[in-house]
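Notes for the structure review
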Amino acid sequence: MNDIQEYKSVCALCPRRCGADRSDRSSGFCGVSDVLTVARAALHYWEEPCISGENGSGTVFFSGCTLRCVFCQNRAISRGKAGKHISEDRLTEIFLELQKKGAHNINLVTPDHYCRAIKRSLNKAREKGLRIPVVTNTGGYLSKEQYDILKEYTDIWLSDLKYMDKELALRYSGASDYPDVAKAALDLMVRDTGIPLYDEQGMMKRGVIVRVLLLPGQTEDAKHIVKYLWDSYGDTIVISLMNQYTPPSEGLPEYPELMRTVTDEEYDELVDYALDLGIENAYIQEGGTQEESFIPPFDLEGV
Ligand code: SF4
């Protein structure tokens, strides 16, 4: 009898719990192994004003994603196809380099599936003098384990709340549990973070910003999201109403309804609804944002 046992490391980190063995460089649903993979680390000026400020946000774009929405605006990296493998020590250096360049904060874009390694890199960076706030920029689809790791270093949550409707969450993100999972994570974020705090320049030091990206034809679901946020948290969070949805250039044959931008009428209806509710702590986007480039080149700058 062969008594050699074969052990596999089964990943159940995110709500997908897909069971991949990421430790042997295989990838799971998130599209990446355990090896940190980064596509860009640079100052970024297109986040909310209290995050970007004048100097820019020190943004690190991680490859892979546990949600992989069909309409993803960052699909070049979310599918795990772009990016460079780096060590945890290199990530520590990147954080310190961004601080040296004058970044207002460290902005971790889709760090969810690397949270353990990022925590170790950030701990070392703190020991070496990293002082600026850390922003966790997430789709909001977080397990309790991920949340508990991320919260240890997060000062500012910049989280999406994408859907209230489970059918929509299933159709566009393959995750009918998204509304329940994301609401539970958001509850913890608000509970643990408290009301927004700003420095004398108006830069956020601590707080929760929830992004609502309006999708074409989905004004009603977006209104449900806004109502939920207002009823649950009032003005203790900042709501960012976004009209910048851009159809993917390669097309979406199975989702023709997503092959247009949102109309001014759709966005105005959402903004008016939020204002009628009494929401004041919010960002809205000016017209024409679909033509502006919020998506930077994933050219390994700063990596
Ligand atoms: S983090 Fe990736 S490998 Fe792990 S359960 Fe989630 S999708 Fe699967």
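Reading the values: the criteria
- Residues numbered from 1 in each chain as written.
- Predicted model: local features only at pLDDT ≥ 70, side-chain atom pairs only at ≥ 80, totals over all residues.
- Heavy atoms only, no water.
- Near = heavy atom within 4 Å.
- 1 Å grid on protein atoms, 1.4 Å probe; cavity = no way out; pocket = protein on both sides within 12 Å on 5 of 7 lines; lining within 4 Å.
- Sits in = over half its atoms within 2 Å of the grid points.
- Nonpolar A, V, L, I, M, F, W, Y, C, P; charged D, E, K, R; others polar.
- Phe/Tyr/Trp six-rings, centres within 6.5 Å; stacked < 30°, edge-to-face > 60°.
- Helix = DSSP H or I, 4+ residues; strand = E, 2+ residues; numbered from the N terminus.
- Buried < 20%, exposed > 50% of the residue type's maximum accessible area, 1.4 Å probe, protein only.
- Points joined across faces, edges and corners; volume = space filled by probe spheres on them.
- pLDDT = per-residue confidence, 0-100.
- Contact = heavy atoms within 4.5 Å.
- Core = buried A, V, L, I, M, F, W, Y, C linked by side-chain atoms within 4.5 Å.
- Salt bridge = Lys/Arg side-chain N within 4 Å of Asp/Glu carboxyl O.

Re the site of the ligand
Around the ligand, the surrounding shell consists of Cys 11, Leu 13, Cys 14, Arg 17, Cys 18, Arg 22, Gly 28, Phe 29, Cys 30 and His 113. Judged by its atoms lying within 2 Å of the grid points, the ligand is housed in the largest cavity. Classifying every residue of the shell around the ligand gives six nonpolar, two polar and two charged.

A closer look at the packing of aromatic side chains
Tallied over the full model, the rule gives nine aromatic pairs. On the numbers, 5.7 Å between centres and 45 degrees between planes, the contact of Phe 62 with Tyr 114 is tilted. Taken together, the residues Phe 62 in strand β2 (residues 57-62) and Tyr 114 in the loop between β4 (106-109) and α4 (115-127) connect sequence positions 52 residues apart. Accessibility classification places Phe 62 together with Tyr 114 in one group, the buried group. When the centroid spacing of 5.9 Å and the interplanar angle of 65 degrees are considered together, the rings of Tyr 172 and Tyr 255 count as edge-to-face.

Let's talk about empty space enclosed by the protein
Under the counting rule described, the total for this entry stands at two cavities of 30 Å³ or more. In this structure, the largest cavity is lined by 14 residues; those nearest its centre are Cys 11, Cys 14, Cys 18, Cys 30 and Thr 66. Split into classes, the residues belonging to the lining of the largest cavity amount to seven nonpolar, four polar and three charged. Lys 162, Tyr 163, Leu 168, Leu 213, Leu 214, Leu 215, Gln 218, Asp 221, Ala 222 and Ile 225 are the residues that line the second largest cavity. Classifying every residue of the lining of the second largest cavity by side-chain character gives seven nonpolar, one polar and two charged.

Here's the deal with the layout of surface pockets
When its volume is computed, the largest pocket comes out at roughly 790 Å³. Considering the residues around the largest pocket, the lining is formed by 41 residues, among which Gln 73, Asn 74, Asp 160, Lys 162 and Arg 211 are closest to the centre. Elements that contribute at least two residues to the lining of the largest pocket include exactly β2, α2 (75-78), β5 (134-138) and β8 (204-213). A breakdown of the residues in the lining of the largest pocket according to their chemical character gives 19 nonpolar, 15 polar and seven charged.

Section: the confidence of the model for the protein chain
For the protein chain, per-residue confidence averages 93 on the pLDDT scale, and 94% of positions sit at 70 or higher. Confidence drops under a pLDDT of 50 for residues 1-5, and excluding neighbours within four residues, the segment shows zero contacts in the predicted structure.

With respect to the nonpolar core
The biggest cluster of nonpolar side chains holds 77 residues, and the ones touching the most others in it are Phe 95, Ile 118 and Leu 229. For Phe 95, the contacting residues outside a window of four places in its chain are Val 60, Ile 106, Leu 108, Ile 118, Ser 121, Leu 122, Ala 125 and Leu 130.

As for the pattern of salt bridges
Scanning the model with the defined rule gives 22 salt bridges in all. A salt bridge links Lys 223 to Glu 269; its shortest N-O distance comes to 2.9 Å. Note that Lys 223 is positioned in helix α8 (residues 219-233) and Glu 269 in helix α9 (residues 264-277), a separation of 46 residues in sequence. Given a relative accessible area of 12%, Lys 223 falls into the buried group. For Glu 266, the salt bridge identified is with Arg 260, shortest N-O distance 2.9 Å.

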